[in-house]
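# Descriptive analysis of the structure
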Amino acid sequence: MSASKPRIATTSLAGCFGCHMSLLDIDRRILQLAELVEFDRSPINDFKTFGDRRCAIGLIEGGCCNEENVETLRDFRKHCDLLISVGDCATMGGIPAMRNTVPLEACFAEAYLDGPTVYNPSGKIPGDAELPLILDRVYPCHEVVKMDYHLPGCPPSADTLWAALVALLTDKPVELPYPLLKYD
Amino acid sequence: MEHMEQYSITIDGRTLTAWEGQTIMEAAHDAGIYVPHLCYLRGLVPFGSCRVCTVKADGRFVSACTQPVTPKMTIENDSEELLDLRRSLIEMLFVEGNHFCMFCEKSGNCELQAIAYRLGISAPRHDYQFPERRLDASHPDIFLDMNRCILCARCVRASRDLDGKGCFDFVGRGRGRRIAVNAEARLSDTVVDVTDEAIDVCPVGAILKKRVGFKVPIGRRTYDLEPIGSDLEARRRPRAAAPTGGAS
Ligand code: SF4
Ligand code: SF4
């Protein structure tokens, strides 16, 4: 019957994987989730590309801090019917966005040249072509592609994620009870 | 209170008694009706800057904190139109500053955040601006973090009118408008004291007391479980017993 199950994909962009940990925090309900859905591209199963069927839901942790994040996010938008910003980083940039008020050059200098714990005898800033180019600032997901829902929180609680997923999978509106909408 | 006229007004179809000279905010408050607000604080001269308390009185948009009641006034407070207008205002305040709630000591006790929760805002419709703002940690007992200031002027009014010191005021215009301290450079050069009213009135985490931090853990704070305004709504009485106000 797995062919008829809705598919879920997840990814972590400029995030800390805390939101994915929160998803695992639904504890035994993860068995119920496994009954309801099939996991597509996700760090949970380590599938790195999308399968050949569309996904019903894409969960995005983290905002966009480099070109690879943007590419991944656009790929998710292409393959998923509903795209959800999960957590504060996806919703507003979060901790990585603290660099947004500092010029990029100063950020690089602090990270690779002048920081108190830096050991870099070559005095070079990494610039290998393999490395994704960093963006001028960190962008919330909805400033890059259209996002359908936002679940803020650092991270959103397991109950919040569960409530939203159950609502979406049963075609109900996502209406979080008051204690489940939090920014901290 | 002698010879004070009583007016009959309606808010969202509910008839209540208001007193001559009261603002809409005061009349609503007496009746246990919550009108969301940020710059307004009982005991301070109304300032009317945040517009979050915008209501429709006899068909016109007015700020409830500054508009006096008139006889038979018909007021809309809880309509979808007004809720969305307020949502938009709150969202603008979020994108115009740097609000990192995940590490803000005020989180859970913050009135801006609490109104956003109450209005069900999950993300702003406007793009984030990430402005460059100052942090002043010079004072031994007080932080001043302009990343979170929403220019409500509560500190200005409290320091001037309640503390009699005038430690804070606005400088600049338009987008450049900001709070400055009444000294050459830093907060530590002013006569401000941690026991001043001005330190307690800040609705957000822009003025914080040092060494308080997360003494009350996240999850057990004022607005973690109950929306802002619920305490007022729980006290809802059928009729106003006595007028409030007189601060202005
Ligand atoms: S002041 Fe309020 S809204 Fe701003 S970061 Fe702190 S808790 Fe969040
Ligand atoms: S510092 Fe606080 S009280 Fe003063 S204007 Fe800013 S937000 Fe209002």
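Further up the page is the structure itself.
These lines cover the structure that appears in this document, whether it is placed above or below. None of the values given here were measured: they were computed from a predicted structure.

### Overview of the overall build of chain B
If you tally the helices and strands in chain B, you get 6 helices and 10 strands. Over its C-alpha trace chain B gives a radius of gyration of 19 Å, about what one expects of a compact globule, namely 18 Å for 248 residues. Considered along the principal axes of its C-alpha atoms, chain B spans approximately 50 × 40 × 35 Å. Across the 248 residues of chain B, 52% fall into the buried class. A separation of at least 24 residues holds for 66% of the contacts in chain B among residues at least 6 apart in sequence. Accessible surface, chain B: about 11900 Å² in total, of which carbon and sulfur atoms supply 49%. Both charge centroids of chain B, one from 33 positive and one from 34 negative side chains, sit 1 Å from each other.

### Focus on the site of ligand 2
Ligand 2 sits among 13 residues. The nearest are Cys149, Cys152, Ala153, Cys155 and Cys202 of chain B. Of the residues that constitute the shell around ligand 2, the class distribution is 12 nonpolar, no polar and 1 charged.

### Notes on the pairing of strand S2 (residues 14-19) of chain B
Residue and element names in this part refer to chain B. Judged from the 6 bridges that link them, strand S1 (residues 6-11) and S2 form a sheet pairing that is antiparallel. Bridge assignment links isoleucine 11 to a residue of S2, and that residue is arginine 14. Taken together, S1 and the strand that follows it, S2, pair antiparallel across an intervening segment of 2 residues, in which aspartate 12 is found at a positive phi of about 50°.

### Topic: the site of ligand 1
Looking at ligand 1, the residues that line it are Phe94, His99, Phe100, Cys101, Cys104, Ser107, Cys110, Leu112, Gln113, Arg148, Val204 and Gly205 of chain B. Taken together, the residues of the shell around ligand 1 break down into 7 nonpolar, 4 polar and 1 charged.

### Section: the layout of surface pockets
Residues and elements named next belong to chain B. Here the largest pocket defines a volume of roughly 740 Å³. Taken together, 27 residues make up the lining of the largest pocket; nearest its centre are Glu96, Arg133, Leu151, Arg175 and Arg177. Every element with two or more residues in the lining of the largest pocket is listed here: helix H2 (80-96) and strand S9 (178-181). For the lining of the largest pocket, the leading source of residues is H2, giving 4 residues. Of the residues belonging to the lining of the largest pocket, the class tally is 13 nonpolar, 6 polar and 8 charged. A domain split of the lining of the largest pocket shows at least three residues from each of domain 1 (6-78) and domain 2 (85-219).

Rules used throughout
- Here, residues in each chain are numbered from 1, in the same order as that chain's written sequence.
- Here every chain gets a letter starting at A, and every ligand a number starting at 1, in the order they are written.
- Two thresholds apply to this predicted model, a pLDDT of at least 70 for residue-level local features and 80 or more for giving and counting side-chain atom pairs, whereas whole-chain, interface and lining totals are computed over all residues.
- The side-chain quantities take in all heavy atoms of the structure and omit both hydrogens and water.
- Counting from the N terminus, the helices are the DSSP runs of H or I reaching at least four residues and the strands are the DSSP runs of E reaching at least two.
- To get the radius of gyration, use the C-alpha atoms; to get the globule rule, take the number of residues to the power 0.38 and multiply by 2.2 Å.
- Here the term buried applies to any residue with accessible area under 20% of the maximum for its type, exposed to any over 50%, and partly exposed to those in between, with areas from a 1.4 Å probe on protein chains only.
- Contacts between residues were defined by any pair of non-hydrogen atoms, one from each residue, lying within 4.5 Å.
- Values of accessible area rely on a 1.4 Å probe in the Shrake-Rupley scheme; residue burial ignores everything except the protein chains shown.
- None of His or the chain ends enter the tally, which takes Lys and Arg as positive and Asp and Glu as negative.
- Here the site of a charge means NZ on Lys, CZ on Arg, CG on Asp, or CD on Glu.
- The nearness test applies per residue and asks whether one of its heavy atoms lies within 4 Å of the molecule or strand.
- Side-chain classes follow a simple rule in which Ala, Val, Leu, Ile, Met, Phe, Trp, Tyr, Cys and Pro form the nonpolar group, Asp, Glu, Lys and Arg form the charged group, and the remainder, Gly included, forms the polar group.
- Any two strands with at least two DSSP-identified bridges between them are counted as paired.
- Buriedness of a pocket was judged along seven lines, with at least five required to meet protein on both sides within 12 Å; pockets are open sets of points on a 1 Å grid over the protein atoms alone, cavities are sets where a 1.4 Å probe fits but cannot get out, and lining residues have an atom within 4 Å of a point.
- Grid points are joined across faces, edges and corners, and a volume is the space filled by probe spheres set on the points.
- Segmentation of the chain into domains, including their bounds, is taken from an automatic or database domain assignment.

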